[in-house]
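Residue strings, one per chain:
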Amino acid sequence: MIEIRAIVTDIEGTTSSISFVRDVLFPYARKRLPAFIETHGDRPEVQHWLHEAAKEAGLVEAARQEIIELLLQWIDEDRKSTALKALQGMIWKDGYAAGDYRAHMYPEVAARLRDWRADGLRLYVYSSGSVPAQQLLFRYSEAGDLTALFAGYFDTETGPKRETESYRRIAAAIDEQPRHILFLSDIVEELDAAQAAGFHTGWLIREPLAWPVEPRHRAYRDFDAITP
Ligand SMILES: CSCCC(=O)C(=O)COP(=O)(O)O
Ligand SMILES: [Mg+2]
């Protein structure tokens, strides 16, 4: 008998649509990033992440314009850079606060998260988006403020999502044995990494994506189908 005590969920393609992230959030940050860095580039937290981005690119001394162009290129490549994600999150904050958009949430997600909480499960998020960006997304969601449902958030500061060690770190951080944790994602390589750490896995294959012939993880169309 499997006893699930904690659920860790991905965001893009799992709780929320890929198109919200790629067609709303990414272009919003792309358009505003140059002005944001020009205006806020002297703030210590912005300076820190600009420095980290330059380091990641192997640049010893980079002009501000060079880093801006690098970050724009990384947005286009959907690079899961911790530095880029931190800066994107700072820019998205303004958009949420101004009501320019609310975060997409698949229609059944909020109700199922509430049910799982009511059943005593602890809920966590693990996304490539920065922790502040995750908190904004669930605070300003189409289903209202869902942040109270989550006991914690993890981003790539814990490690890349396709590496098994990241899931071991999450299990240790939430003080739970991997065999009692269910990880939900739409990306099979992330599920493989979680499974190798001993997690249970749930593969979200949202409509209209094709159902795999022999899915190597338990596969679900939506959260309604999951019975942890
Ligand atoms: C926190 S919302 C933005 C998500 C994001 O930037 C991203 O790259 C999506 O990553 P995920 O790990 O949620 O698939
Ligand atoms: Mg995803």
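Residues numbered from 1 in each chain as written. Chains lettered and ligands numbered in written order. Predicted model: local features only at pLDDT ≥ 70, side-chain atom pairs only at ≥ 80, totals over all residues.

Caption draft 1: Spotlight on the overall build of the protein chain. Of regular secondary structure, the protein chain possesses eight helices and six strands. Beginning at the N terminus, the succession of helices and strands in the protein chain can be written as β-α-α-α-α-α-β-α-β-α-β-α-β-β. Relative to the 2.2 N^0.38 estimate, which gives 17 Å for 228 residues, the radius of gyration of the protein chain is 18 Å and therefore close to what a compact globule would have. Taken along the three principal axes of its C-alpha coordinates, the protein chain extends 60 × 35 × 35 Å. Every one of the 228 residues in the protein chain was classed for burial, and the buried ones make up 35%. Sequence-distant contacts, at least 24 apart, represent 66% of the contacts inside the protein chain between residues at least 6 apart. (Helix = DSSP H or I, 4+ residues; strand = E, 2+ residues; numbered from the N terminus. Rg over C-alpha atoms; globule rule 2.2 N^0.38 Å. Buried ≥ 20, exposed ≤ 12 C-beta atoms within 10 Å, placed from the backbone. Contact = placed C-beta atoms within 7 Å.)

Caption draft 2: Summary view of the domain arrangement of the protein chain. Structurally, the protein chain comprises domain 1 (6-16 + 103-225) and domain 2 (20-97). Centre-to-centre, using C-alpha coordinates, domain 1 lies 25 Å away from domain 2. Tallying the contact residues gives 15 residues for domain 1 and 11 residues for domain 2. For the side of domain 1 that touches domain 2, the per-class residue count stands at six nonpolar, six polar and three charged. (Domains from an automatic or database assignment. Nonpolar A, V, L, I, M, F, W, Y, C, P; charged D, E, K, R; others polar.)

Caption draft 3: Molecular detail of the packing of helix H7 (residues 164-173) against helix H8 (residues 188-196). At a closest axis distance of 7 Å, the pairing of H7 and H8 adopts a crossing angle of 55°. Classified by the angle their axes make, H7 and H8 are oblique. The handedness of the crossing between H7 and H8 is right-handed. Facing Thr164, Ser166 and Tyr167 of H7, the residues of H8 in contact are Ala193, Ala194 and Ala196. (Axes fitted to C-alpha atoms, helices over the stretch in contact; angles between N-to-C directions. Parallel < 35°, antiparallel > 145°, perpendicular 65-115°, else oblique. Left-handed = near helix turned anticlockwise from the far one by under 90°.)

Caption draft 4: Geometry of the environment of Glu38. Within the fold, Glu38 resides in helix H1 (residues 18-40). Its 11 C-beta neighbours within 10 Å are what place Glu38 among the exposed residues. Glu38 sits 27 residues away from Gln65 along the chain, and the two C-alpha atoms are 9.1 Å apart.

Caption draft 5: How the structure looks around the site of ligand 1. Neighbouring residues of ligand 1: 15 residues in total, closest Ile11, Glu12, Ser127, Ser128 and Gly129. Listing elements by their share of the shell around ligand 1, those giving two or more residues are H1 and helix H6 (131-139). Per-element accounting of the shell around ligand 1 gives the leading share, three residues, to H6. Residues belonging to the shell around ligand 1 are distributed by class as follows: five nonpolar, five polar and five charged. Counting contributing residues per domain, the shell around ligand 1 is built from domain 1 (6-16 + 103-225) and domain 2 (20-97), each supplying no fewer than three. (Near = placed C-beta within 6 Å.)

Caption draft 6: Layout of the packing of helix H2 (residues 44-56) against helix H3 (residues 64-77). Relative orientation of the contacting elements H2 and H3 amounts to 75°, with a least axis distance of 10 Å. Overall, the two elements H2 and H3 adopt an arrangement that is roughly perpendicular. Of H3, the residues touching H2 (which contributes Leu50, Ala53 and Ala54) are Ile67, Leu70 and Leu71. In the contact of H2 with H3, the residues fall into six nonpolar, no polar and no charged.

Caption draft 7: Summary view of the pairing of strand E3 (residues 150-154). Judged from the four bridges that link them, strand E2 (residues 122-126) and E3 form a sheet pairing that is parallel. From the neighbouring strand, Tyr124 faces E3, where its bridge partner is Gly152. In terms of handedness, the path from E2 via H6 over to E3 forms a crossover that is right-handed. (Pairing = 2+ DSSP bridges. Right-handed = clockwise from strand over helix to strand, strands pointing away.)

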